[in-house]
Amino acid sequence: MIAAATIVARNYIPQARVVAQSFRRHHPDIPFFVLLVDRSRDAIADATRIALPEVFTPPRRYSIKQTAVAAKPFLLQWLLAHGFDRCLFLDPDVLVLSRFDALLERIGQHSVVVTPHFVTPPRDEQRIARELNILLSGVFNGGLIGIADRQPAREFLKWWGERVIEACDSEVARGLYYDQRWLDLAPVFFRDISVLRDAAYNVAYWNLPERELRVEGDSVTVDGRACAFIHFSGFDPARPQQMTRYAPQTTISNAMFARYAALLREAGAR
Amino acid sequence: MRLAAATIASKSHLAHARVLAASFREHHPEIPFFVLLADEIEGAFEPEHEPFALVLLRQLTIRDLRGFTFRYTEQELSYAAAPYLIEHLLDSGFDAVAFFKQESLVSAPLRHVLALVERHSIVLTPHLLHPVGARRELAILQSGVYNSGFLAVANRAQGRAFLEWWKDRLERHCVHDVPNGIHFEQRWLDLVPAYFDDYGFVHDPRFNVAHWNLLERQTVDPCFIRFSGYDPKQPHRTTRYVARPSMAEIGDAAAWFAEYARRLTEAGDDECRTWPYAYAHFDDGEPVPDAARTAYRLLAPPLDPWSGESRLWFARYEKERHSLRSLAQRAVKVWKRRRAEKGTWYAMRVVAAATWKHVAAAIAATVSRTPGGSRGSRATRGLV
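Residues numbered from 1 in each chain as written. Chains lettered and ligands numbered in written order. Predicted model: local features only at pLDDT ≥ 70, side-chain atom pairs only at ≥ 80, totals over all residues. Heavy atoms only, no water.

## Describing the overall build of chain B
Looking only at helices and strands, chain B has 17 helices and 12 strands in total. Scored against the burial criterion, the 384 residues of chain B give a buried share of 55%. In chain B, once contacts between residues fewer than 6 apart in sequence are set aside, the share between residues at least 24 apart is 71%. Summing over all exposed atoms, chain B offers an accessible surface of approximately 16300 Å²; the carbon and sulfur share of this is 53%. (Helix = DSSP H or I, 4+ residues; strand = E, 2+ residues; numbered from the N terminus. Buried < 20%, exposed > 50% of the residue type's maximum accessible area, 1.4 Å probe, protein only. Contact = heavy atoms within 4.5 Å. Areas by Shrake-Rupley, 256 points an atom, 1.4 Å probe, with all protein chains shown as cover.)

So, in structure tokens, the structure goes:
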């Protein structure tokens, strides 16, 4: 049994609706869960809601963002405990565009699957600045975590959960970036971790210069293959011309951002 | 498979290279051991009498070697040259190269480790193999998951691609700048699992025993020990980089350090330490300050860095930088006194003075136009 899930606070409910609906469109047989880290009465179509206390008790000092991030390993443990043997965490600011067959197969073969921010070294003039940015925020992106119900995965989740309870801040000079920098250590500590180096997954502003994203009607391709999902990290539908708030100078030339902004508005974003 | 082993040292650390080379050859006499001298011989020692084959910087394919030796300090240079040395040995016909950092000792055969490079194009050794608590793990995340005290590269497509990439990053970015994500050549290695499939880790706890994992490994029977930051002149400390673990905390493992100190002395460490570093002076004999290396590395002025012109450029640059800084400090002071109007004026002057790069380029231009540079100062003063 496979499950997919995301985590949102109230202000990200439109994103949760979009990711759940787009995922269910390609995988109608897989249940999609949304963990809500604050109170809301809003319904989320195509998704089952989970309340935070069912999953974990965040440290009192944590902000909403830290709570949402730190809940990740606990949500995955909760899914394993409820009998799902393959679990997939997706960030809410994701749009699923085709089936996840390669990823689900990989989760079947390994305990944990992660995707790197870059799958090939950047070669442009900004390559070093871009790589240093990734070295500060983490080699692997926390926006996609695949887990299989095996011992190394359970050990990984236990360790990751302990770490994000202890430190889940953005202090890059200290080696911390929320839950994400901890992942750099995971392939060394827990053997059976697979790095999915597939350009079709986790297309985002940070790797767009290396990936040829083409949009023709309903067909979205990366380097000529079907795109699995785009991660609109830092995208604000109120400022659709700006690709991400993390790099305000990057502007958009790709139609996908406008399409995503429209989907979010339909889903209730202001 | 034809394998080569190698390390890098400047003259002052030649005893370390001698000890490492001898210890490696004791267990692997069949594998040639190379030492890259990140320095000039200057008659200090006789290469043919050494327990290793000597490689010189000029034998490597380093773009703009004069700039490379200037940009980096003695320590940085001996780190930044690693991919060039490995590439050189692969080019000379070896199928794979095992690189070891100078401050280390091979204490048992490494066949199982060297065999990994037959299966993988890139072999890395992690600092830690198991969780050790958040505090120490954070320290590792600052310096890099993988330790650059050992790595092996095979002459295959991914090994070559890795070297090309690493060389490019180390051309200017092999410094200690943790807040910006750089820890010499080492932090870059964290990206290897993202870029390459054909890599392997050394999982043996007997390999790469060092201050960062000694608390867990002091009872192992080691095959490769790293004495990173160890100074025999400070025998109560295991490393100068961190306070713990102290020598008293590591039990019987302290004997490894004593033995290493003995071997260093036997290898002539006291004499080697007196040998001067060759890349320490401008052509006119004046010493090169580290700040000049940094300025040159970041700003790349169109000058021969070792020339008298360059020294003049740097002196001017420092002067401008200090006056800019004091101007900025004055602006802040004024601002704090809430004399907003005047503060704005100062702030605008600072902004108008443009970036360091602008200043530096302007100075470089005037210096190179006017040998001796006596007329350059007026032109640059206008910038501040």
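## Some remarks on the sheet that holds strand β5 (residues 104-106) of chain B
All names here are of chain B. One open sheet accounts for 3 strands, arranged β5-β12-β11; its pairing is mixed. If you trace the sheet from one side to the other, it starts and ends with β5 and β11 (207-209), each paired once. Neighbouring strand axes in the sheet, compared pairwise and without regard to direction, differ in orientation by 20° on average. Where β11 meets strand β12 (residues 224-226), 2 bridges bridge the pair, whose relative direction is parallel. Its bridge partner being in β12, Val 209 is matched across the sheet by Ile 225. (Pairing = 2+ DSSP bridges. Axes fitted to C-alpha atoms, helices over the stretch in contact; angles between N-to-C directions.)

## Some points on the interface of chain A and chain B
Taken together, the contacts link 33 residues of chain A with 36 residues of chain B. In total, about 3000 Å² of surface goes out of reach between chain A and chain B, with carbon and sulfur atoms giving 62% of it. Summed over the shared surface of chain A and chain B, the result is 5 salt bridges. With its nearest N and O atoms 2.6 Å apart, the salt bridge here joins Arg 163 of chain A to Glu 137 of chain B. At the boundary of chain A and chain B, one finds 14 residue pairs in polar contact (both at pLDDT 80 or more). Among the elements of the structure, α5 (127-137), α6 (151-166) and α7 (186-189) of chain A are those that each provide at least two residues to the side of chain A that touches chain B. The dominant element in the side of chain A that touches chain B, judged by the number of residues it contributes, is α5 of chain A, at 7 residues. The residue inventory of the side of chain A that touches chain B, partitioned by class, reads 22 nonpolar, 2 polar and 9 charged. (Buried area = accessible area lost by both parts, 1.4 Å probe. Salt bridge = Lys/Arg side-chain N within 4 Å of Asp/Glu carboxyl O. Polar contact = N/O pair within 3.5 Å; in protein donor to acceptor, adjacent residues only side chain to side chain. Nonpolar A, V, L, I, M, F, W, Y, C, P; charged D, E, K, R; others polar.)

## Details of the confidence of the model for chain B
In this model, chain B carries an average pLDDT of 90, and 88% of its residues clear a pLDDT of 70 or more. Within the model, the stretch residues 368-384 of chain B combines pLDDT values under 50 with 27 contacts to residues more than four positions away or in other chains. (pLDDT = per-residue confidence, 0-100.)

## Focus: the pairing of strand β4 (residues 96-100) of chain B
Working note: regular strand, side chains alternate between the two faces of the sheet. Residue and element names in this part refer to chain B. Burial within β4 is extensive, with 5 of its 5 residues counted as buried. A two-sided burial pattern is seen for β4, the buried positions comprising Ala 96, Ala 98 and Phe 100 on one face and Val 97 and Phe 99 on the other. Looking at chain direction, strand β1 (residues 3-9) and β4 are connected through 4 bridges and run parallel. Opposite Leu 3, over in β4, you have Ala 96 as the bridge partner.

## As for helix α11 (residues 254-266) of chain B
All names here are of chain B. The end-to-end C-alpha distance of α11, which contains 13 residues, comes to 19 Å, matching closely the 18 Å that a straight helix rising 1.5 Å per residue would cover. Along α11, the residues classified as buried are Trp 256, Phe 257, Tyr 260, Ala 261 and Leu 264. Within α11, the buried residues cover an arc of 135° as seen down the axis, which keeps them to one side. Exposed and facing more than 90 degrees away from the buried side of α11 are Thr 265 and Glu 266. Looking at the buried side of α11, the elements it contacts are α1 (14-27), β5, β11, α10 (214-217), β12 and α12 (269-272). (Expected span 1.5 Å × (residues − 1). Arc of directions from axis to C-beta.)

## Here we look at the sheet that holds strand β2 (residues 32-36) of chain A
All names here are of chain A. Ordered by their spatial adjacency, 7 strands build an open sheet running β3-β2-β1-β4-β7-β6-β10, and the pairing between neighbours is mixed. With partners counted over all chains shown, the strands left at the sheet margins are β3 (48-51) and β10 (193-195), one partner each. Neighbour to neighbour, the strand axes of the sheet diverge by 25° on average, direction disregarded. The sheet contact formed by strand β4 (residues 86-90) and strand β7 (residues 140-148) spans 5 bridges and is antiparallel. Counterpart to Cys 87 in the pairing with β7 is Ile 147. Against the sheet, helix α1 (residues 13-26) engages β1 (2-8), β2 and β4, with an angle of about 170° to β2. Packing against the sheet, helix α4 (residues 101-109) makes contact with β1, β4, β6 (112-116), β7 and β10, and its axis sits at approximately 130° to β4.

## Things to note about helix α7 (residues 134-143) of chain B
All names here are of chain B. For α7, the tally of buried residues reaches 7 of 10 residues, placing the bulk of the element in the interior. Within the sequence span of α7, burial applies to Ala 134, Arg 136, Glu 137, Leu 138, Ile 140, Leu 141 and Ser 143. One or two positions beyond α7, positive phi appears at Gly 144, with a value near 125°.

## Let's talk about the packing of aromatic side chains
Scanning the entire structure with this criterion turns up 53 aromatic pairs over all chains. An angle of 50° between the planes, with centres 5.9 Å apart, marks the rings of Phe 232 of chain A and Phe 235 of chain A as tilted. Classification of Phe 235 of chain A as buried rests on a relative accessible area of 3%. Taken together, a centroid distance of 5.4 Å and an interplanar angle of 85° make the contact between Trp 165 of chain B and Tyr 195 of chain B edge-to-face. Note that Trp 165 of chain B is positioned in helix α8 (residues 157-170) and Tyr 195 of chain B in helix α9 (residues 192-195), a separation of 30 residues in sequence. Both residues of the pair, Trp 165 of chain B and Tyr 195 of chain B, count as buried. Through a chain of ring-to-ring contacts, three or more aromatic side chains come together here, namely Phe 156, Trp 159, Trp 160, Trp 182, Phe 189 and Phe 190 of chain A. Seen from the ring of Phe 94 of chain B, Arg 2 of chain B lies directly overhead, with NZ or CZ sitting 4.4 Å from the centre. (Phe/Tyr/Trp six-rings, centres within 6.5 Å; stacked < 30°, edge-to-face > 60°. Lys NZ or Arg CZ within 6 Å of the ring centre and 35° of its normal.)

## Comments concerning the pattern of salt bridges
Oppositely charged side chains can form a pair if their charged atoms are brought close together. Residues and elements named next belong to chain B. Scanning all chains against the criterion turns up 47 salt bridges over all chains. Linking Arg 63 and Glu 171 is a salt bridge whose minimum nitrogen-to-oxygen distance equals 2.6 Å. With Arg 63 in the loop between β3 (53-56) and α2 (65-71) and Glu 171 in the loop between α8 and β8 (176-177), this pair connects stretches of sequence that are 108 residues apart. Residue Glu 171 is classed as buried on the basis of its relative accessible area, which comes to 15%. The shortest N-O distance in the salt bridge between Asp 91 and Arg 160 comes to 2.9 Å. Separated by 69 residues along the polypeptide, Asp 91 in helix α4 (residues 82-91) and Arg 160 in helix α8 bring together distant segments of the chain. The exposure class assigned to Asp 91 is partly exposed, which follows from its relative accessible area of 49%. Residue Arg 160 is classed as partly exposed on the basis of its relative accessible area, which comes to 24%. Residues joined by salt bridges that share partners form a network here, namely Glu 26, Glu 259, Arg 262, Arg 263 and Glu 266.

## Re the pairing of strand β12 (residues 219-222) of chain A
Residue and element names in this part refer to chain A. As defined by bridge partners, strand β11 (residues 213-216) adjoins β12 across 4 bridges and the pair is classed as antiparallel. Following the sheet pairing, Arg 214 is matched in β12 by Thr 221. Counted between consecutive antiparallel strands, the loop separating β11 from β12 contains 2 residues, among which Gly 217 sits at a positive phi close to 60°.

## Some details on unusual backbone geometry
Residues Arg 244 of chain B and Pro 245 of chain B are joined by a peptide bond in cis, for which omega reads 0°. Within the secondary structure, Pro 245 of chain B is located in the loop between β12 and α11. Positive phi values are uncommon outside glycine, yet Tyr 178 of chain A reaches one of about 50°. Within the secondary structure layout, Tyr 178 of chain A lies in the loop between β9 (176-177) and α7. In this structure, Phe 184 of chain B is a non-glycine residue whose phi angle is positive, near 50°. Looking at the secondary structure, you find Phe 184 of chain B in the loop between β9 (182-183) and α9. Note on Phe 184 of chain B: relative accessible area 10%, which makes it buried.

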